[in-house]
Number of protein chains: 2
Amino acid sequence: MSESSAAVRNTRQRSAVSALLGEMEGFHSAQDLHAMLRQRGERVGLTTVYRTLQGLADAGEIDVMRPPGGEHLYRRCSEGHHHHLVCRVCGRTVEVAGPAVESWADRVAAQHGYADVSHTLEIFGTCPTCVR
Amino acid sequence: MSESSAAVRNTRQRSAVSALLGEMEGFHSAQDLHAMLRQRGERVGLTTVYRTLQGLADAGEIDVMRPPGGEHLYRRCSEGHHHHLVCRVCGRTVEVAGPAVESWADRVAAQHGYADVSHTLEIFGTCPTCVR
DNA sequence: GTGGCAACGATAATGATTGTCAAAAACGCA
DNA sequence: TGCGTTTTTGACAATCATTATCGTTGCCAC
Ligand SMILES: [Zn+2]
Ligand SMILES: [Zn+2]
Ligand SMILES: [Zn+2]
Ligand SMILES: [Zn+2]
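First things first, this report covers the structure right here in the doc.

Criteria and thresholds
- Residues numbered from 1 in each chain as written.
- Chains lettered and ligands numbered in written order.
- Predicted model: local features only at pLDDT ≥ 70, side-chain atom pairs only at ≥ 80, totals over all residues.
- Heavy atoms only, no water.
- Pairing = 2+ DSSP bridges.
- Helix = DSSP H or I, 4+ residues; strand = E, 2+ residues; numbered from the N terminus.
- Contact = heavy atoms within 4.5 Å.
- Buried area = accessible area lost by both parts, 1.4 Å probe.
- Nonpolar A, V, L, I, M, F, W, Y, C, P; charged D, E, K, R; others polar.
- Donors = N, O, S within 2.8 Å, 3.2 Å for Na, K, Ca; no water.
- Buried < 20%, exposed > 50% of the residue type's maximum accessible area, 1.4 Å probe, protein only.
- Near = heavy atom within 4 Å.
- Polar contact = N/O pair within 3.5 Å; in protein donor to acceptor, adjacent residues only side chain to side chain.
- Salt bridge = Lys/Arg side-chain N within 4 Å of Asp/Glu carboxyl O.
- Lys, Arg positive; Asp, Glu negative; His and termini not counted.

### Some remarks on the pairing of strand β6 (residues 115-126) of chain B
- Bridge count for strand β6 (residues 115-126) of chain A against β6(B) is nine bridges, and the pairing is antiparallel. Bridging from a neighbouring strand, A:Glu122 pairs with B:Thr120 of β6(B).
- Note: strand β4 (residues 83-87) of chain B against β6(B), four bridges, orientation parallel. In the strand pairing of β6(B), B:His84 is matched with B:Glu122.

### Describing the interface of chain A and chain B
- Across the boundary between the two partners, chain A contributes 37 residues, which contact 37 residues of chain B.
- Both sides together, the interface formed by chain A and chain B hides about 2,900 Å², and carbon and sulfur atoms give 63% of it.
- Considering only the side of chain A, the residues that lose the most area to chain B are A:Arg66, A:Trp104 and A:Tyr114, jointly responsible for 24% of the buried surface there.
- Mapped by element, the contributors of at least two residues to the side of chain A that touches chain B are β4 (83-87), β5 (93-96), α4 (99-111) and β6 of chain A.
- Residue contributions to the side of chain A that touches chain B peak at twelve residues, all from β6(A).
- In the side of chain A that touches chain B, the residues fall into 22 nonpolar, ten polar and five charged.

### Digging into the coordination of the zinc ion (ligand 4)
Residues and elements named next belong to chain B.
- At this site the zinc ion (ligand 4) is bound by His 81 (NE2), His 83 (NE2), Glu 102 (OE), Glu 102 (OE) and His 119 (NE2), with donor distances of 1.9 to 2.3 Å.
- Coordination of the zinc ion (ligand 4) draws on donor residues from a single chain, spaced H-x1-H-x18-E-x16-H in sequence. A residue pair is termed long-range when its members are at least 10 positions apart, and His 81 in the loop between β3 (73-76) and β4 and His 119 in strand β6 qualify at 38 residues.
- Residue class for His 119 comes out buried when judged on its relative accessible area of 15%.

### A short note on the protein's contact with DNA strand C
- Taken together, 21 residues are adjacent to DNA strand C, and A:Tyr50, A:His72, B:Thr11, B:Thr48 and B:Arg51 come closest.
- Those atoms of DNA strand C that come within 4 Å of the protein belong to sugar or phosphate at a rate of 66%.
- B:Thr11 is positioned with one of its side-chain polar atoms (N or O) 2.7 Å from a phosphate oxygen of DNA strand C.
- Interatomic distance of 2.9 Å between a side-chain N/O atom of B:Gln13 and a sugar or linking oxygen of DNA strand C.
- Where the surface near DNA strand C is concerned, the elements lending two or more residues are α3 (46-58) of chain A together with α1 (12-23) and α3 (46-58) of chain B.

### As for the sheet that holds strand β2 (residues 62-65) of chain A
Residues and elements named next belong to chain A.
- Pairing in this open sheet of three strands is antiparallel, and the strands run β1-β3-β2 from one edge to the other. Each having just a single partner strand, β1 (28-29) and β2 make up the two edges of the open sheet.
- Bridge count for β1 against strand β3 (residues 73-76) is two bridges, and the pairing is antiparallel. Residue pairing across strands places His 28 opposite Tyr 74, the latter belonging to β3.

### Observations concerning the pattern of salt bridges
Residue and element names in this part refer to chain A.
- Overall, the coordinates contain four salt bridges over all chains when judged by the stated rule.
- The partner of Arg 40 in a salt bridge is Glu 23, and the shortest N-O contact between them spans 2.5 Å. On the criterion of sequence distance, the pair formed by Arg 40 in the loop between α2 (30-39) and α3 and Glu 23 in helix α1 (residues 12-23) is long-range, its members being 17 residues apart.
- A relative accessible area of 48% places Glu 23 in the partly exposed class.

### A word on the protein's contact with DNA strand D
- The immediate surroundings of DNA strand D are formed by 20 residues, with A:Arg9, A:Arg51, B:Arg9, B:Tyr50 and B:His72 found nearest.
- Within 4 Å of the protein, the contacting atoms of DNA strand D are 69% sugar and phosphate, with bases supplying the remainder.
- A:Arg51 places a polar side-chain atom, nitrogen or oxygen, 2.5 Å from a base nitrogen of DNA strand D.
- Residue B:His72 places a main-chain N or O atom 2.7 Å away from a phosphate oxygen belonging to DNA strand D.

### Focus: the side chain of B:Glu122
- With respect to the secondary-structure elements, B:Glu122 resides in strand β6.
- For the buried residue B:Glu122, which engages in no salt bridge, the nearest side chain bearing the opposite charge is B:Arg66, 8.3 Å off.
- With near-sequence residues (within four places) excluded, B:Glu122 lies in contact with A:Ser118, A:His119, A:Thr120, B:Met65 and B:His84.

The analysis is restricted to geometry; functional conclusions fall outside its scope.
Written as structure tokens, this is what we have:
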């Protein structure tokens, strides 16, 4: 049987990725983060970066965004359901909450008899700094 | 100067793809559509299906959706800005309009000084038929 | 008709992500 | 601190949807 140990081990690599995410402002790709780690002299494999990010995402500790025609982007976020206002240029991100939107989505889905409702919502724009 | 011809030629292949899209209910992938065309005996290359779909999308005649971890999906839609309530199982789609959401997104972006605002929004669920 | 040029399509290339699996490292326990 | 078990790592190969090539085909304006 054995529902033994959840067994999530502390490794140098995991710490490095997590720490890096703590310092980043906007969203960044796995390959970006991997490159940054190498520049810092941290020795972490690309595969491990992908795996770690996926794990953190599954655990709800970071958010994933999949922009049109690009790689997946990751960012450490606050808890709870929220959405993002993201700068197309630099990735700077503002977390936004829209209770009205949430209820609207659920209501619309219910009206059409859809169950197990979820949604995705992202707002894109050019941030004050990047408008030049 | 010549603002000559938009030069969009009528071809058997383009007609076939467009016609097929007219009969489909929900969203379908390029590969799906290509397979359906072949079954009908239509001789259309996969590359052409991709190209045609992309062209139609650029022209605003069809909508594209990029579900998590899957291929791009295409569907012929009505004109104007709208969003989709999509069945995770069968792809059945309802077009929904949410003026309140549109203005909310613009307002939020403006409050933070973001310009050139756009957004993406999709609602997912299980349609009445697929709930069994 | 016919010539120019867009469209086609078989094929190769791309590129992010995932799978593989032997070697390395954690960690509970002695 | 040493050991065995189990997880994690990471170099490399594999996947797979999409895109780029580029010689051929065929639309269509004249
Ligand atoms: Zn910016
Ligand atoms: Zn929401
Ligand atoms: Zn359904
Ligand atoms: Zn909208």
